Amino acid sequence: MKKNKRYSIFSLARNARNYHENWAAAWRSPEPKPSYDAIIVGGGGHGLATAYYLAKQHGITNVALIEKGPIGLGNTGRNTTVIRSNYLWDESAAIYELSLKLYEGLSQELNYNIMLSQRGLVSLAHSQHDLREIERRVNAIRLNGIDSEMLSMAELKQLIPILNLSPNSRYPVIGASIQRRGGTARHDAIAWGYARAADDRGVDILQHTEVTGFRIQGGRVEGVETTRGFIAAPKVGVAVAGHSSVLADMAGFRLPISSHPLQAMVSEPLKPIFNTVLMSAAVHVYLSQSDRGELVMGAGIDKFNSYAQRGSPPILEDILAATVELFPIFSRVKMMRQWGGIVDVCPDASPIVGKTPVSGLYLNCGWGTGGFKSIPGSGFVFAHTIAQDEPHEIAAPFSLERFSTGALIDEHGASGVAH
Amino acid sequence: MLRIECPHCGARDEAEFSCGGEAHIARPKEPDKLSDAEWADYLYMRTNPKGILAERWCHTFGCRRWFNIERDTVSHEILRVYAMGEPRRESGT
């Protein structure tokens, strides 16, 4: 990394003398070259991380990252910033744990503060069935070497004193599990940090450049048509979340994906009152408090297909009802903003990372409601898949072929919220 | 909030309905003869257009009957409500 670009206490002091008016742009805005060694379509977290690891792990630096808008303003800037790796199946545990481990060192690696806060992530049980299910998950997760434990009611009360633990509530809480390494990070910083680090290694980030088609000759991809002209590359990786089906349609194959809005909302800022992340499958909400004091909450997807980045009011009402059920103390808190992101949902709620029917065209999609937590791991294995033309061993189970072979990875219960 | 014109009950709020996903997926006539890829296409592959989608809805908290609609997935505008078994329009997806 170039010295003059490195962020530190000294660069902060130096720039303070100039009233912070002379900071260099964090990444360039270059003109597109006619050809690259690889193109990544999609400037969200997954695309940016892929470009970064292509350059860092595989030495492929002649890379263009193409984004139709500004980077990081899709789902990367619209999620509830929750990070965890407490997944049931071995395949999922491997990829989400890789991601969490990379997150743990990311601020240092990128020289960019991602504000990772491993405050612990609590999942609630409201029935005997819930309780047995989370106990089973805790044991499965521990067998994969990932931290996870059951909490007694006394420990839960100590951890979250404001949680409604009355046995007389509509859906009484009867137990909980926790992943202590789970937590949150600043979502914008993930996009900006990866963008800056990728740019530093030579990746051209082309914002406001929309892909309008692929040039495919004899089953091999030759490049992409964009609103700024044709750009050639022997390898093209697509990481466009909700728009994956639209791009697959351009390339001439079908995907098992439906695009749905996933909504989230924040309250007015409050003083620090809630220092973990809480999830409940039965009353269906997940909730944390941001560093600015806002309560951040979300739940399941809207049931119908949509490409409009807004959520439907019935879901909003459900989320707030669930929040007030668990935290009667928040009943008078005002909501400030509500929004939706378009998530790409697979039939088995697991992602697709790997090759496609078109040679040289690679696909990374289907992360559905769990895209943010998986950014570093997804980028790491996808970069390997593109560089080697062979799936990374952690990505291999997540191939598109699993829908023909039947080797699905059913993670519908994974988020601790029903989908 | 969608306002959906149930063919039997009239216009009601979205909350009364369940969305059954893409319409017009016909069960294969000779399942024994399908390849794995054809099974995958029938079971899992979906038309997911940014534009007009034909989909099935059920008036779960009303007459409990199924019907089809054509809806724009960007504007959410409902362009047509029609009975199960009625063919899609040529202009639809």
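Keep in mind that what you see is a predicted model, and the values were worked out from it rather than measured. (Residues numbered from 1 in each chain as written. Chains lettered and ligands numbered in written order. Predicted model: local features only at pLDDT ≥ 70, side-chain atom pairs only at ≥ 80, totals over all residues. Heavy atoms only, no water.)

**Q** Report on the overall build of chain A, specifying residues and quantitative values.
**A** Helix and strand counts for chain A stand at 11 helices and 19 strands. In terms of overall dimensions, chain A is globule-like: its C-alpha atoms have a radius of gyration of 22 Å, near the 22 Å expected for 419 residues. Taken along the three principal axes of its C-alpha coordinates, chain A extends 65 × 60 × 40 Å. The proportion of buried residues among the 419 residues of chain A is 59%. Excluding contacts between residues fewer than 6 apart, the proportion of contacts in chain A whose partners are at least 24 apart in sequence is 76%. When the accessible area of chain A is evaluated, it comes to approximately 17000 Å², of which 52% is carbon and sulfur surface. Averaging the locations of the 40 positively and 38 negatively charged side chains of chain A gives two centres separated by 6 Å. (Helix = DSSP H or I, 4+ residues; strand = E, 2+ residues; numbered from the N terminus. Rg over C-alpha atoms; globule rule 2.2 N^0.38 Å. Buried < 20%, exposed > 50% of the residue type's maximum accessible area, 1.4 Å probe, protein only. Contact = heavy atoms within 4.5 Å. Areas by Shrake-Rupley, 256 points an atom, 1.4 Å probe, with all protein chains shown as cover. Lys, Arg positive; Asp, Glu negative; His and termini not counted. Charge placed at Lys NZ, Arg CZ, Asp CG, Glu CD.)

**Q** Summarise the overall build of chain B; cite the residues concerned and give the values.
**A** Secondary structure assignment for chain B yields one helix and six strands. Secondary structure elements of chain B, listed N to C terminal, follow the sequence β-β-β-α-β-β-β. Principal-axis analysis of the C-alpha atoms gives chain B an extent of 45 × 25 × 20 Å. Within chain B, buried positions represent 38% of all 93 residues.

**Q** Account for helix α5 (residues 128-143) of chain A, with residues named and values stated.
**A** All names here are of chain A. The end-to-end C-alpha separation of α5 is 23 Å, in line with the 22 Å expected for 16 residues at 1.5 Å each. All of the buried residues in α5 are D130, L131, I134, R137, V138, A140 and I141. On the buried face of α5, the contacting elements are β4 (121-125), β5 (149-151) and β6 (175-179). In the segment just after α5, G145 is the residue with positive phi, at about 75 degrees. (Expected span 1.5 Å × (residues − 1).)

**Q** Got a sec to walk through the side chain of Q289 of chain A? Specific residues and values, please.
**A** Residue and element names in this part refer to chain A. With respect to the secondary-structure elements, Q289 resides in strand β15 (residues 285-289). Owing to a relative accessible area of 5%, Q289 belongs among the buried residues under this scheme. Only 2.9 Å separates the side chain of Q289 from the backbone nitrogen of I273, close enough to count as a polar contact. In this structure, Q289 is in contact with R119, L270, K271, P272, I273, F274, E294 and L295, ignoring residues within four places of it in sequence. (Polar contact = N/O pair within 3.5 Å; in protein donor to acceptor, adjacent residues only side chain to side chain.)

**Q** Before we move on, could you go through the layout of surface pockets and cite the residues and values that matter?
**A** Taken as a whole, the second largest pocket holds about 870 Å³ of empty space. Around the second largest pocket, the lining comprises 43 residues; the ones closest to its centre are S258, H260, V345, C346 and P347 of chain A. Those elements that provide at least two residues to the lining of the second largest pocket are β13 (258-267) and β17 (335-345) of chain A together with β3 (18-22), α1 (36-43) and β4 (52-58) of chain B. Sorting elements by how many residues they give to the lining of the second largest pocket places β3 of chain B first, with four residues. Here the lining of the second largest pocket is built from residues that sort into 19 nonpolar, 16 polar and eight charged. (1 Å grid on protein atoms, 1.4 Å probe; cavity = no way out; pocket = protein on both sides within 12 Å on 5 of 7 lines; lining within 4 Å. Points joined across faces, edges and corners; volume = space filled by probe spheres on them. Nonpolar A, V, L, I, M, F, W, Y, C, P; charged D, E, K, R; others polar.)

**Q** Explain the sheet that holds β4 of chain B residue by residue, including any values.
**A** Residue and element names in this part refer to chain B. Spatial strand order, β3-β4-β5-β6: four strands in an open sheet with antiparallel pairing. Looking at which strands have only one partner, the edges of the open sheet turn out to be β3 and β6 (78-82). Mean inter-strand twist for the sheet, computed between neighbouring axes without regard to direction, equals 30 degrees. Here four bridges tie strand β5 (residues 66-72) to β6, and the two strands are oriented antiparallel to one another. Along β6, the bridge assignment pairs N68 with Y82. (Pairing = 2+ DSSP bridges. Axes fitted to C-alpha atoms, helices over the stretch in contact; angles between N-to-C directions.)

**Q** Describe the pattern of salt bridges, listing the residues and the values that go with them.
**A** Taken as a whole and assessed by the stated rule, the structure comprises 24 salt bridges over all chains. With its nearest N and O atoms 3.7 Å apart, the salt bridge here joins E133 of chain A to R136 of chain A. Residue E133 of chain A and its partner R136 of chain A are both found in helix α5; the two are separated by three residues, about one turn of the helix. By relative accessible area, E133 of chain A is classed as partly exposed at 23%. With its nearest N and O atoms 3.4 Å apart, the salt bridge here joins E70 of chain B to R80 of chain B. In this pair, E70 of chain B is assigned in strand β5 and R80 of chain B in strand β6, connecting sequence segments 10 residues apart. As far as burial versus exposure is concerned, E70 of chain B and R80 of chain B are alike and both buried. Through salt bridges that share partners, E97, K101, E104, D147 and R181 of chain A make up one connected network. (Salt bridge = Lys/Arg side-chain N within 4 Å of Asp/Glu carboxyl O.)

**Q** Break down the sheet that holds strand β10 (residues 220-226) of chain A for me, with residues and values.
**A** All names here are of chain A. Taking strand neighbours across the sheet as the criterion, the three strands line up as β9-β10-β11 in an open arrangement whose pairing is antiparallel. At either end of the open sheet lies a strand with only one pairing partner, and these are β9 (211-217) and β11 (229-232). For this sheet, the mean inter-axis angle between neighbouring strands, taken without regard to orientation, is 30 degrees. Bridge count between β10 and β11: four bridges; the pairing is antiparallel. For V224, the partnering residue across the bridge sits in β11 and is I231.

**Q** Mind laying out the interface of chain B and chain A, listing which residues take part and the relevant values?
**A** If you look at the interface, chain B gives 24 residues, while chain A gives 24 residues. When chain B packs against chain A, the two sides together hide about 2000 Å² of surface, and 54% of this comes from carbon and sulfur. Of all residues in chain B, Y44, M45 and N48 of chain B give up the largest surface area on contact with chain A, accounting jointly for 33% of the area buried on that side. Seen at the junction of chain B and chain A, the total is one salt bridge. Across the chain B-chain A interface, the total number found is 15 residue pairs in polar contact (both at pLDDT 80 or more). Broken down by secondary-structure element, the contributors of at least two residues to the side of chain B that touches chain A are α1 and β4 of chain B. If you tally residues by element for the side of chain B that touches chain A, the top one is α1 of chain B, at four residues. Of the residues contributing to the side of chain B that touches chain A, the split by class is 12 nonpolar, five polar and seven charged. (Buried area = accessible area lost by both parts, 1.4 Å probe.)

**Q** If you had to explain a nonpolar patch on the surface to someone new, which residues and values would you point to?
**A** A cluster of nonpolar residues, I9, F10, L12 and W23 of chain A, forms a patch on the protein surface that exposes about 450 Å² of accessible area. Here I9 of chain A is to be found in helix α1 (residues 9-17). (Patch = residues over 30% accessible without salt bridge, like charges linked within 9 Å, V, L, I, M, F, W, Y side chains within 5 Å.)

Limitation: the analysis is restricted to geometry and does not speak to function.
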